[in-house]
Amino acid sequence: MTGGQSDAGDAPAAEPPVVVKVGGAKAVDPAGAVGDVAHLAANGREVVVVHGGSTVVDETLERLGIEPEYVESASGVTGRFTDAETMEAFSMAMAGKLNTELTAEFRSAGVDAVGLSGVDGGLLSGPRKSAVRVVEDGKRKIRRGDHSGTIESVNADLLTGLLADGYTPVVSPPMAGDEGDGEVTPVNADADRAAAAVAGALGADLVLLTDVSGVYADPDDPETRIDAAATPDGLAAVEDAAEGFMGKKVMAATEALDGGAGRVVIADANVRDPVVAALGGEGTVIERSALGGDADDSEAAETKAGETA
């Protein structure tokens, strides 16, 4: 049972789960999110936390004497190029260090947290992309040796089982990359899109916490924040306004809604009670209706609540 459905006849539907994406940049303080998740869990709300860790990954690479490398895709999105050496450092930093430390923070706050990487139980999986198309000096090229992937399935049963038993999953990349011959390789996956996949699979509300209060029509002016997008035109305005790192978050938001999430809020991690504030509408709120068509059909979320996101 997902997406707020109820077995109790005419009883009110339960609140949907919440997926909280905690950013990995130094400017994003997780303390407020930890307190809010503890509050929500104590009051019976099911919460899944997904975290990034770009800053710590870069710091780990630098300590190992490896230069972090970012490339621009053909669509203009900038992302990390993850060769075998970088992938080793990525796994050390994300699943080894950050996930363990964040899980400990939640447990210290009274949350019965369980740390998971996307590889555990095939939680996040999809085909490995060993070659990527990039743009260098204005020319399109193919770079080989990459360890990245796009999430195509979510083991929702693993998450719902943990939630039903009172646990709060704390999830991080890497994901399980399918090599095509039955072998599985840990590979890099974008944490925002991982959170979107999880939210879609659970029919959850998604809160994407970052270091600004939402999507700004003028990226340099917080007073121009777009508070809501409930129509296709509203979503188009948000997409047009999103620049740089915000473009990935808006992409993740649309993927979450298309996958079955109820709504997405892009909000500030550094305010008081950031998750509770976001659920109350403080941030840029993108509704399912923004996708147009039959996006409001509640059955869409139900069909996504199994394996696929």
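Residues numbered from 1 in each chain as written. Predicted model: local features only at pLDDT ≥ 70, side-chain atom pairs only at ≥ 80, totals over all residues. Heavy atoms only, no water.

A. Highlighting the nonpolar core. Grouped together as the largest cluster of nonpolar side chains are 45 residues, with contacts concentrated most on Val19, Leu124, Val198, Leu202, Leu206 and Ile286. Those elements that place two or more of their residues in this core are strand E2 (47-51), helix H4 (156-164), strand E9 (168-178), helix H5 (191-202), strand E11 (205-210), helix H6 (232-241), helix H7 (245-259) and strand E13 (263-268). No other element matches the 8 residues that H5 contributes to this core. When neighbours within four sequence positions are excluded, Val19 is seen to be in contact with Val48, Val50, Ala195, Val198, Ala199, Leu202, Ala204, Asp205, Leu206 and Val207. Val20, Val49, Ala269 and Val285 belong to the second largest nonpolar core, which has 25 residues in total. (Core = buried A, V, L, I, M, F, W, Y, C linked by side-chain atoms within 4.5 Å. Buried < 20%, exposed > 50% of the residue type's maximum accessible area, 1.4 Å probe, protein only. Helix = DSSP H or I, 4+ residues; strand = E, 2+ residues; numbered from the N terminus. Contact = heavy atoms within 4.5 Å.)

B. Structural view of the confidence of the model for the protein chain. Counting all residues, the mean pLDDT for the protein chain is 88, and 89% of those residues have values of 70 or more. Counting contacts from residues 1-9, a segment whose pLDDT is below 50, to residues more than four positions away or on other chains yields 17 contacts. pLDDT under 50 marks residues 296-309. Its contacts with residues more than four places away, or in other chains, come to 32 contacts. (pLDDT = per-residue confidence, 0-100.)

C. How the structure looks around the packing of helix H1 (residues 31-42) against helix H3 (residues 84-108). At a minimum axis distance of 9 Å, the contact between H1 and H3 shows a crossing angle of 50°. Overall, the two elements H1 and H3 adopt an arrangement that is oblique. Two packed elements cross with a definite hand, and for H1 against H3 that hand is right-handed. Contacts from Ala33, Val34 and Val37 in H1 reach Leu102, Glu105 and Phe106 in H3. In terms of residue class, the contact of H1 with H3 is made up of 5 nonpolar, no polar and 1 charged. (Axes fitted to C-alpha atoms, helices over the stretch in contact; angles between N-to-C directions. Parallel < 35°, antiparallel > 145°, perpendicular 65-115°, else oblique. Left-handed = near helix turned anticlockwise from the far one by under 90°. Nonpolar A, V, L, I, M, F, W, Y, C, P; charged D, E, K, R; others polar.)

D. Looking closely at unusual backbone geometry. For the bond from Pro173 to Pro174, the omega torsion is 15°, close enough to zero to count as cis. With respect to the helices and strands, Pro174 occurs in strand E9. Its identity is not glycine, yet Asp137 carries a phi of approximately 55°, on the positive side. By the element assignment, Asp137 lies in the loop between strand E6 (124-136) and strand E7 (139-149). Located in the positive-phi region is Asp273, a residue other than glycine, with phi close to 50°. What makes Asp273 partly exposed here is its relative accessible area of 39%.

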